[in-house]
Amino acid sequence: MSSLNSLLPIALVIIMLGLGLSLTGADFRRVLEQPRSVVVALLCQVLLLPAVCFGLAVGFGLMPELAVGLMLLAASPGGPIANIFSHLSKGDVALNITLTAVNSLLSLFTLPLVVNLSLAYFMGEGRDVPLQFAKIIQVFLFVLVPVVVGMGVRRRRPVLAQQLDRPVRLLSIVVLALMFALVFVTARVALMANLTTVGSAVLVFNVLSLAVGYAVAMMVKLKKPQAISIALEVGIHNAALAITIALSPQLLGNPTMGIPPMIYGLTMVVTALGFGLLVNRRPRVVS
């Protein structure tokens, strides 16, 4: 188990390298073209979502480690999979790519903040909070550096980036499967004891995330494709990143905190597909 734990930082680097290979500088410059859409999405992601998640953690009475795990999930940025679901759901894929790029960088600041506050509240103020300055530096190294490297490879060696894309994605899937297994093996007692409660909390969080993103976007009168993209970006989180941070001894080192992201990773596909079908259903014609 210790040898697998030592591989978790490498797993995080692989996941973020894959993200970097899919991003370009144009993804960030596009913010200037759709500033209102980006601001709405980021406000939902950074402010509304943690508040909703906190309410669910308290309302469902989750044990402290599970509550922190749920907050960790809420603070994690969207992943490339949101782009795929956006395409399937007739959303604005270019906007998704931009949001993924911006939110991934923003989360370097917001994720440690949300996790620190969650640890202080749910685990007790007297507890030694892991994600202090040294840990934040580690997050930067494990998350930001691989993204920058991936973007650099794509910019300078686009053919190589294209060749690496598929292997890195496949390796990320294998790594994610291993992490799911690790969470289950090391935290199965807590998982089985709290499955109904934490499963319900994760499912409600999943559905509310999609609903909040879509509803807020429609309220400010964005076009439907942009609203779909924002909903999916806000509603689909990088479960692999959250699990890796929860498990890694260099970061949180608590497998129980990985339970909510693990359950989320299993239910996310179903809810995202259901959301796409719901928002694209044809209205009934009354004869």
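Residues numbered from 1 in each chain as written. Predicted model: local features only at pLDDT ≥ 70, side-chain atom pairs only at ≥ 80, totals over all residues. Heavy atoms only, no water.

This next bit is on the packing of helix H9 (residues 195-219) against helix H10 (residues 224-235). To characterise two packed helices, one gives the angle between the axes of the helices and the distance between these axes. Axis separation between H9 and H10 bottoms out at 7 Å; the angle between their running directions is 150 degrees. Taken together, the axis directions place H9 and H10 in an arrangement best described as roughly antiparallel. At the point where H9 passes H10, the crossing takes the right-handed sense. On H10, the residues touching Asn 206, Ser 209, Leu 210, Gly 213, Tyr 214, Ala 217 and Met 218 of H9 are Lys 224, Ala 227, Ile 228, Ile 230, Ala 231, Leu 232, Val 234 and Gly 235. (Axes fitted to C-alpha atoms, helices over the stretch in contact; angles between N-to-C directions. Helix = DSSP H or I, 4+ residues; strand = E, 2+ residues; numbered from the N terminus. Parallel < 35°, antiparallel > 145°, perpendicular 65-115°, else oblique. Left-handed = near helix turned anticlockwise from the far one by under 90°. Contact = heavy atoms within 4.5 Å.)

Let's shift gears to the packing of helix H4 (residues 64-75) against helix H6 (residues 93-122). For the pair H4 and H6, the least separation of the axes is 9 Å and the interaxial angle reads 165 degrees. The orientation of H4 with respect to H6, classified from their angle, is roughly antiparallel. Considering only the axes of H4 and H6, their crossing is right-handed. From H4, Pro 64, Ala 67, Val 68, Met 71, Leu 72 and Ala 75 reach across to H6, where they touch Ser 107, Leu 111, Val 114, Val 115, Ser 118, Leu 119 and Phe 122. Looking at the contact of H4 with H6 residue by residue, the class counts come to eleven nonpolar, two polar and no charged. (Nonpolar A, V, L, I, M, F, W, Y, C, P; charged D, E, K, R; others polar.)

It is worth spelling out the confidence of the model for the chain at this point. Counting all residues, the mean pLDDT for the chain is 76, and 73% of those residues have values of 70 or more. Counted against residues more than four places away or in other chains, residues 126-133, with its pLDDT under 50, gives 14 contacts. (pLDDT = per-residue confidence, 0-100.)

Together, Val 39, Leu 43, Val 46 and Leu 47 give the surface a local cluster of nonpolar side chains, amounting to about 340 Å² of exposed area. Structurally, Leu 47 can be placed in helix H3 (residues 35-59). Under the relative-accessibility criterion, Leu 47 is labelled exposed at 55%. (Patch = residues over 30% accessible without salt bridge, like charges linked within 9 Å, V, L, I, M, F, W, Y side chains within 5 Å. Areas by Shrake-Rupley, 256 points an atom, 1.4 Å probe, with all protein chains shown as cover. Salt bridge = Lys/Arg side-chain N within 4 Å of Asp/Glu carboxyl O. Buried < 20%, exposed > 50% of the residue type's maximum accessible area, 1.4 Å probe, protein only.)

The next thing to look at is H10. The periodicity of an α-helix, 3.6 residues per turn, causes residues three or four positions apart to be oriented the same way. Between its first and last C-alpha, H10 extends 16 Å over twelve residues, near the 16 Å set by a 1.5 Å rise per residue. Most of H10 sits out of view: ten of its twelve residues are buried. For H10, the set of buried residues is Gln 226, Ala 227, Ile 228, Ser 229, Ile 230, Ala 231, Leu 232, Glu 233, Val 234 and Gly 235. Buried residues in H10 make contact with H3, helix H5 (81-88), H6, H9 and helix H12 (259-279). (Expected span 1.5 Å × (residues − 1).)

To continue, consider H5. Buried within H5 are the following residues: Ala 82, Asn 83, Phe 85 and Ser 86. For H5, the arc enclosing every buried residue in end-on projection is 165 degrees, short of the 170-degree limit, so these residues lie on one face. In H5, the exposed positions angled more than 90 degrees off the buried face are occupied by His 87 and Leu 88. Looking at the buried residues of H5, the elements they touch are H6, H10 and H12. (Arc of directions from axis to C-beta.)

What follows is about the environment of Gly 59. Topologically, Gly 59 is positioned in helix H3. Exposure remark for Gly 59: the relative accessible area of 66% places this residue in the exposed category. Sequence separation of Gly 59 and Ala 201 is 142 residues, and the distance between their C-alpha atoms is 8.9 Å.

Our next topic: unusual backbone geometry. Unlike most non-glycine residues, Lys 221 shows phi in positive territory, near 65 degrees. Topologically, Lys 221 is positioned in the loop between H9 and H10. A relative accessible area of 69% places Lys 221 in the exposed class.

Here the focus is the nonpolar core. Ranked by internal contacts, the top residues of the largest apolar core, which has 63 residues, are Leu 70, Phe 205 and Ile 230. Looking at this core, the elements that each hand over two or more residues are H3, H4, H5, H6, H9, H10, helix H11 (239-247) and H12. Beyond its immediate chain neighbours, meaning those up to four positions away, Phe 205 contacts Leu 49, Cys 53, Leu 56, Leu 70, Leu 73, Ala 74, His 237 and Tyr 264. (Core = buried A, V, L, I, M, F, W, Y, C linked by side-chain atoms within 4.5 Å.)

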